[in-house]
Amino acid sequence: MHAQMKLLFAWPLALSIGLAACYANFAQDPRGPYDPRSDANAKIEAALADARAHRKFVLLDFGANWCPACRELQSAFAAAEVRTYLKMHFNLVHIDIGNFDRNGAVTREYGFPTSAGIPAEVVLTAEGKPMTIERAGAMGHASASAPLLLAWLSSWVEQTPHAESTAPDPGPMVDAGQVRSAAETLAVRVAGESLGTFIPQLVVRNDSVFSTLTGVLHGSTVQRVVTIHDARSLRPREVWDSTNAEQVHLIYTAGRVRGAQVRPRREGPPDTLLVNQFTDAGTIDRRNFMIVIPRLALTPGMSFTMPEFDSWTMRTYPVHLTVGQRAPVTLPAGSFDAYRLDITGDMWDMPQTWYLSAETPRRILRMEWPRGTVWDLAR
Amino acid sequence: MPARVSLASFEENGVAVGIFFESVAPGKGRLDGTFTPLEAELHLYSKDLPKHGIRGLGRPTLLEIISPPSLKSRGALVASRPATERFVAALGAKLPVYPDGAVTLSLPVSTGRNGPVTGELSVTYMACSDRVCLAPVVDERISVKIPATVTQ
């Protein structure tokens, strides 16, 4: 594989390593998960800050390393399906209570959850509001069964909308005049070397709107995405994505995204990750950016935020877009009147600069991504 | 007939504890510690568990003499019930525990003289069920007064 291609596709590997590092927090430390030296308040504050940023809950686990029931529960937290679900929806904070003589202030602040023994659990909203206090080892019965533990965890996720969170401004409406069948070929180069093409295509038939994205690198098809869109908003209803690394099927409905991500392994069954979480109103799938953005009712000088769901990280990111003034640009495909679009966000592929043609149908003329990755409209 | 007298009793962390002395001969007797969990499903850990547990897990049930030097044990601590092994899958460790419910630990002692002896004992225990553990009581000191001769 060329070095440039590695650059372009290095992010999934890096991301996988990052996720593995996060999961390592659930590994069985022979000393136990409860660290007597850690600052419980600082851990809780950090967990809440992260929960606010990523729309998670915080799960406080009060216990001690000498407590067999606590260690059994920790083992249940580390089960593959549970830890995956926890990572998606909760920040887990272990609070060492010593011989019931440590972190008394924290215990008091959360209503003495340890009053009838440990382990004791408290679920917090991202704003720090307790949603439930599980005393007297109420969680302990679940430690023998991952499905029971998952059911308990998901009961909070399923039944509790993030009422305190404010959905970002959904941004401009779709320009109906731009919603017509079209396809364009974007040639991708990394550090000047041509790698191949990606072809975003929108298909409009009667009331049905769907799109495809086909990636061909060095003569081989590396990605196929099919999306069924809402005909008016172009928001995704259903997404299928197939690459060498994974197969993804997502359904966006009722403020949630559900589905599965299946990653083959060399041996044994594939890693399967279930997706089931809230999304903001107006969320679009990361794969649909090239389809949706050019078809929005963009006007020079406007600035807006769109939520973008990324199934690699299982997070919805606010992505900020600013539309520049109409200006002539000269690109490999020719000279055009174009709008510059500056896109920023806390994602692996940001910031980006796009140039969109001013005429209808609007086309992507160029995209400039980090690490010298450039996408140009093919001649 | 030897008589059994109560030296102390208390409840702490889910367990009722009673300390008794039974005289068997002048200057000799037996200390009994009864440990009764207040909830039926709670169990106590074996006296033979290391003081800091196995891999840090659990705390033994103990009755120990602290003072005075004249108050000495005459033999090993004996439990009224045999311990069984409880498997902690999380660590792949087996912990020796007494069956759910009460256990009595007995310690043969010599008081050193046939007269009342004021002494200090120590008790350690921890009660758990399959899904919850209560706070351990570790090396709790108890002052006792052992009578000179107890007969009935």
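Here the structure is a predicted model, which means the values were calculated and not measured.

Basis of the calculations
Residues numbered from 1 in each chain as written. Chains lettered and ligands numbered in written order. Predicted model: local features only at pLDDT ≥ 70, side-chain atom pairs only at ≥ 80, totals over all residues. Heavy atoms only, no water. Helix = DSSP H or I, 4+ residues; strand = E, 2+ residues; numbered from the N terminus. Contact = heavy atoms within 4.5 Å. Buried area = accessible area lost by both parts, 1.4 Å probe. Salt bridge = Lys/Arg side-chain N within 4 Å of Asp/Glu carboxyl O. Polar contact = N/O pair within 3.5 Å; in protein donor to acceptor, adjacent residues only side chain to side chain. Nonpolar A, V, L, I, M, F, W, Y, C, P; charged D, E, K, R; others polar. Buried < 20%, exposed > 50% of the residue type's maximum accessible area, 1.4 Å probe, protein only. Disulfide = S-S within 2.5 Å. pLDDT = per-residue confidence, 0-100. Pairing = 2+ DSSP bridges. Axes fitted to C-alpha atoms, helices over the stretch in contact; angles between N-to-C directions.

Draft legend 1. Geometry of the overall build of chain A. For chain A, the helix and strand inventory stands at 7 helices and 20 strands. Across chain A, contacts joining residues at least 24 apart in sequence account for 53% of those joining residues at least 6 apart.

Draft legend 2. Structural detail: the interface of chain A and chain B. If you look at the interface, chain A gives 19 residues, while chain B gives 21 residues. When chain A packs against chain B, the two sides together hide about 1,500 Å² of surface, and 63% of this comes from carbon and sulfur. Considering only the side of chain A, the residues that lose the most area to chain B are Trp66, Pro68 and Glu72 of chain A, jointly responsible for 38% of the buried surface there. Linking chain A to chain B there are 0 salt bridges. Summed over the shared surface of chain A and chain B, the result is 2 residue pairs in polar contact (both at pLDDT 80 or more). In the side of chain A that touches chain B, the residues fall into 9 nonpolar, 8 polar and 2 charged.

Draft legend 3. Here's a closer look at the pattern of salt bridges. What the rule picks out here adds up to 24 salt bridges over all chains. Across the pair Arg286 of chain A and Asp310 of chain A runs a salt bridge, and its minimum N-O distance is 2.9 Å. Separated by 24 residues along the polypeptide, Arg286 of chain A in the loop between β14 (284–285) and α7 (289–292) and Asp310 of chain A in strand β15 (residues 303–310) bring together distant segments of the chain. In this structure, Arg286 of chain A and Asp310 of chain A share a single accessibility class: buried. For Arg86 of chain B, the salt bridge is made with Asp100 of chain B, and the minimal N-O distance between the two is 3.6 Å. Highlighted residues: Arg86 of chain B in strand β8 (residues 84–88) and Asp100 of chain B in the loop between β9 (93–97) and β10 (103–110), separated in sequence by 14 residues. Of the residues examined, Arg86 of chain B reaches a relative accessible area of 26% and is grouped as partly exposed. Of the residues examined, Asp100 of chain B reaches a relative accessible area of 37% and is grouped as partly exposed. Through salt bridges with shared partners, one network takes in Arg189, Arg366, Glu368 and Asp376 of chain A.

Draft legend 4. Summary view of the environment of Ser67 of chain B. All names here are of chain B. Along the chain, Ser67 turns up in strand β5 (residues 62–67). Overall, Ser67 belongs to the partly exposed group, its relative accessible area being 26%. For Ser67, the residues in contact, after removing those within four places along its chain, are Gly119 and Glu120.

Draft legend 5. Fine view of the state of the cysteines. On inspection of all chains with the given rule, the structure shows 2 disulfides over all chains. Here Cys67 of chain A connects covalently by a disulfide to Cys70 of chain A, the sulfurs 2.4 Å from one another. Taking the torsion about the S-S bond as the criterion, the Cys67 of chain A to Cys70 of chain A disulfide, at about 80°, is right-handed. Judged by relative accessible area, which is 0%, Cys67 of chain A ranks as buried. Covalently, Cys128 of chain B is tied to Cys133 of chain B through a disulfide, its sulfur atoms 2.1 Å apart. Across the S-S bond of Cys128 of chain B and Cys133 of chain B the torsion is about 110°, and the bridge reads as right-handed. Summarising the burial analysis for this pair, Cys128 of chain B and Cys133 of chain B share the class buried.

Draft legend 6. Focus on the confidence of the model for chain A. Residue and element names in this part refer to chain A. This prediction gives chain A a mean pLDDT of 82; 85% of its residues lie at or above 70. At the level of individual helices and strands, chain A shows its lowest average pLDDT in helix α1 (residues 3–23), which scores 34, and its highest in strand β2 (residues 90–96), which scores 95. With pLDDT under 50 throughout, residues 1–27 is counted as low confidence; its partners more than four residues away or in other chains account for 39 contacts. Here residues 163–168 scores under 50 on pLDDT; set against residues more than four positions off or in separate chains, the count is 9 contacts.

Draft legend 7. Structural context of helix α4 (residues 80–89) of chain A. Where burial is concerned, most of α4 of chain A is hidden: 7 out of the 10 residues are buried. For α4 of chain A, the set of buried residues is Val82, Thr84, Tyr85, Leu86, Lys87, Met88 and His89 of chain A.

Draft legend 8. Main features of the sheet that holds strand β3 (residues 120–124) of chain A. Residues and elements named next belong to chain A. Read from one edge of the open sheet, 4 strands run β2-β1-β3-β4, paired in mixed fashion. Strands with a single pairing partner mark the edges of an open sheet, and in this sheet they are β2 and β4 (130–134). Between one strand axis and the next, the sheet turns by 15° as a mean value, whatever way the strands run. Examined bridge by bridge, strand β1 (residues 57–63) and β2 share 7 bridges and lie parallel to one another.

Draft legend 9. Inspection of unusual backbone geometry at higher detail. Cis rather than trans, the peptide bond between Met350 of chain A and Pro351 of chain A has omega equal to 0°. For the bond from Ser67 of chain B to Pro68 of chain B, the omega torsion is 0°, close enough to zero to count as cis. For Pro68 of chain B, the location among the structural elements is in the loop between β5 and β6 (72–73). One non-glycine residue with positive phi stands out, namely Ala191 of chain A, at about 50°. Tracing the backbone through its elements, the reader meets Ala191 of chain A in the loop between β6 (186–190) and β7 (193–205).

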